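# Structural overview for review
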Amino acid sequence: MELFYSSTRDKAEKVTASQAILQGLAQDGGLYVPSYIPALSVDMDVLKDMSYQETAYEVMSRFLTDFSEKELKDCIAAAYDEKFDTKAIAPLKKAGEAYYLELFHGATIAFKDMALSILPHLMTTAAKKNQAKGEIVILTATSGDTGKAALAGFADVPGTRIIVFYPKNGVSPVQEKQMVTQKGANTYVVGIHGNFDDAQTGVKKLFGDKALNEELKEAGFRFSSANSINIGRLVPQIVYYVYAYAKLYGAGTLKKGEAMNVVVPTGNFGNILAAYYAKEMGVPIGKLICASNENKVLYDFFRTGSYDRNREFVLTTSPSMDILISSNLERLIYKIAGADDAKDAAFMKELSEKGVYTISPEMKEKLTDFYGNYASEEETAAEIARLYKEADYVIDTHTAVASAVYRKYRQETGDEAVTVIASTASPYKFARSVMDAIDKKYDVLDDFGLVDELSRISGTAVPKAVEELRTAPVLHDTVVEKDEMKSIVKKILNVK
Ligand SMILES: *Cc1c(COP(=O)(O)O)cnc(C)c1O
């Protein structure tokens, strides 16, 4: 059966994988979903001995069916190379009662690298396949980590430019410094006075602006998206869940077919959706534990069946999860609505007009694979301190949200199944919050003083990505109002 992608809001809008990657968002504002979830075609007994790159091919080739074997293998080889500081690419560390799947060994020390190091290669390959004309302009809204990872991925890739919007006061100092020091003649970084949702809504508007798209086309450009709505982001993220299971099976930690729980610190719902797709592919995943910070829209949704974004936006120490509209949830909504595009479109209309929608009891019944909970700021900090003291392992704030939620889950259910926690950022990226959580006395240190102290107490080397920041010059200093996003894009591209 041929696999294709269709919009969650209009099934008639069908494209190939490469076209979906090029386009990012469907024309009607919906998200592309695969026509079915393919099964893994290799046995765990084979997978257990495979490298990350080999596993990536086995998983991705099932979804990206119009890429040739050579095309896909070239993309994989170009992405998962020495940019990662470990051959394992995504190593597992046991600490306390769980396994931490470290997804932060790439160029920008956060999990976004897992997908964004391959996306530019998938995209330029897709452009060639489709004889797409015009320079690709990547437009991205970021809550911190995506921006830098996308910039690093696309910098100086021929035939592309990248414009990143970030909330001026909504990212960590290290995250901001990482972005504004980005090199590459085709990179642009713009701060906006607003929060992440403002940035994301603004970018979505630009994508949907027909007149603007027409003007760009005439000037020789075409928009594309590197946000986690792009299936070229989603599919590479399925890989590490398959890989984690295979490695735990290979080590004898899991018996064949034994269930493994997965805990994911969640923002836009991309990472946990990838875990869900891994489960649908046949990986024996038990519970999908969705962890939120104090922006707990998803926790409330799993509990009540109502998705309600009408609430105060909280700035937390896990800024990459400070999100009130989890875009990728739409793909799950579509699925539990029985692949009903009209129903999905109606929910999304309600969300955009009223900020809230409620699923039916039948749909809610299909969510039993998921467990949602959240961790407060105090609980998050306490978890960092606990794990450091009890297991001598330092985790970042996002991972700590997941770790704290896992403890709640275990206490509530008594479920002691082998559990993997997605560890989404290096503690060095959020050094102040992490060190504060361990001991308030560190607060007097400056940013790099904290980094050095973190290195000392954890016995880990300062990652190259942080080391470089000590001396990097600021190359981007544009800040605009949230209603000026369109004009700044035109100015950057020199379109009248
Ligand atoms: C992006 C991000 C998340 C949230 O991932 P989603 O796929 O948006 O749910 C969690 N932690 C970190 C460090 C991130 O960068």
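Named according to an unreviewed UniProt entry, the chain is Threonine synthase originating from Fusicatenibacter faecihominis. Of the comments in the UniProt record for the chain, the one headed Cofactor (unreviewed entry) reads "pyridoxal 5'-phosphate". What UniProt states about the chain under its Sequence similarities (unreviewed entry) heading is, verbatim, "Belongs to the threonine synthase family."

### As for the site of the ligand
Taken together, 15 residues are adjacent to the ligand, and K112, D145, G267, N268 and T424 come closest. A distance of 2.7 Å separates an oxygen atom of the ligand from a polar backbone atom of N268. F269 is positioned with one of its backbone polar atoms (N or O) 3.1 Å from an oxygen atom of the ligand. Burial of the ligand by the surrounding chains reaches 98%, relative to a free accessible area of 390 Å². The pocket occupied by the ligand, as judged from atoms lying within 2 Å of grid points, is the largest cavity. Classifying every residue of the shell around the ligand gives five nonpolar, eight polar and two charged.

### Thoughts on the side chain of T140
Within the secondary structure layout, T140 lies in strand β6 (residues 135–141). Apart from residues lying up to four places away in sequence, T140 is in contact with T146, I163, V164, F165, V203, A226 and N227.

### Description of the sheet that holds strand β5 (residues 98–102)
Sheet strands associate in pairs through backbone hydrogen bonding, adopting either a parallel or an antiparallel arrangement. Read across the sheet, six strands follow the order β4-β5-β15-β10-β11-β14 without closing on themselves; strand pairing throughout is mixed. Edge positions in the sheet fall to β4 (92–95) and β14 (370–374), since each has one partner strand and no second. Adjacent strand axes in the sheet meet at a mean angle of 25°, parallel and antiparallel pairs treated alike. Inspection of the sheet shows strand β10 (residues 260–265) paired to strand β15 (residues 419–423) by three bridges, in the parallel sense. Bridging across to β15, N261 finds its partner in T419. In the packing of helix α12 (residues 270–280) onto the sheet, contacts are made with β10, β11 (285–292), β14 and β15, and the angle to β11 comes to roughly 175°.

### Points about the environment of S458
Looking at where S458 falls in the secondary structure, it is placed in helix α20 (residues 447–458). Sequence separation between S458 and K256 is 202 residues, and the spatial gap between their C-alpha atoms is 35 Å. Those residues in contact with S458, other than ones at most four positions away along the chain, are V394 and Y428. Among the polar contacts made by the side chain of S458, one reaches the side chain of T460 at a distance of 2.7 Å.

### Some points on the sheet that holds strand β16 (residues 478–481)
Read from one edge of the open sheet, five strands run β9-β6-β7-β8-β16, paired in parallel fashion. With partners counted over all chains shown, the strands left at the sheet margins are β9 (221–225) and β16, one partner each. Each strand of the sheet is rotated relative to its neighbour by a mean of 30°, with strand direction disregarded. For strand β8 (residues 187–193) and β16, the ladder comprises four bridges, and the chain directions are parallel. By the bridge assignment, V190 is partnered in β16 with T478. Sitting on the sheet, helix α9 (residues 196–208) touches β6, β7 (160–167), β8 and β9, and the angle it makes with β6 is about 150°.

### Observations regarding the layout of surface pockets
When its volume is computed, the largest pocket comes out at roughly 1100 Å³. The wall of the largest pocket is formed by 37 residues, among which L25, A26, K204, F207 and G208 lie closest to the centre. Elements represented by at least two residues in the lining of the largest pocket include exactly α9, α10 (210–218), β9, α14 (329–336) and α15 (341–354). Grouping the constituent residues of the lining of the largest pocket by class yields 13 nonpolar, twelve polar and twelve charged. A volume near 680 Å³ is recorded for the second largest pocket. For the second largest pocket, the lining is made up of 28 residues, of which A107, K148, K464, A465 and E468 are closest to its centre. Ranked by the residues each element gives to the lining of the second largest pocket, the list is headed by helix α7 (residues 145–154), at three residues. The residue inventory of the lining of the second largest pocket, partitioned by class, reads twelve nonpolar, eight polar and eight charged.

Cut-offs used in this document
- Residues numbered from 1 in each chain as written.
- Predicted model: local features only at pLDDT ≥ 70, side-chain atom pairs only at ≥ 80, totals over all residues.
- Heavy atoms only, no water.
- UniProt positions renumbered as here; feature names shortened; annotations may be inferred.
- Near = heavy atom within 4 Å.
- Polar contact = N/O pair within 3.5 Å; in protein donor to acceptor, adjacent residues only side chain to side chain.
- Areas by Shrake-Rupley, 256 points an atom, 1.4 Å probe, with all protein chains shown as cover.
- 1 Å grid on protein atoms, 1.4 Å probe; cavity = no way out; pocket = protein on both sides within 12 Å on 5 of 7 lines; lining within 4 Å.
- Sits in = over half its atoms within 2 Å of the grid points.
- Nonpolar A, V, L, I, M, F, W, Y, C, P; charged D, E, K, R; others polar.
- Helix = DSSP H or I, 4+ residues; strand = E, 2+ residues; numbered from the N terminus.
- Contact = heavy atoms within 4.5 Å.
- Pairing = 2+ DSSP bridges.
- Axes fitted to C-alpha atoms, helices over the stretch in contact; angles between N-to-C directions.
- Points joined across faces, edges and corners; volume = space filled by probe spheres on them.

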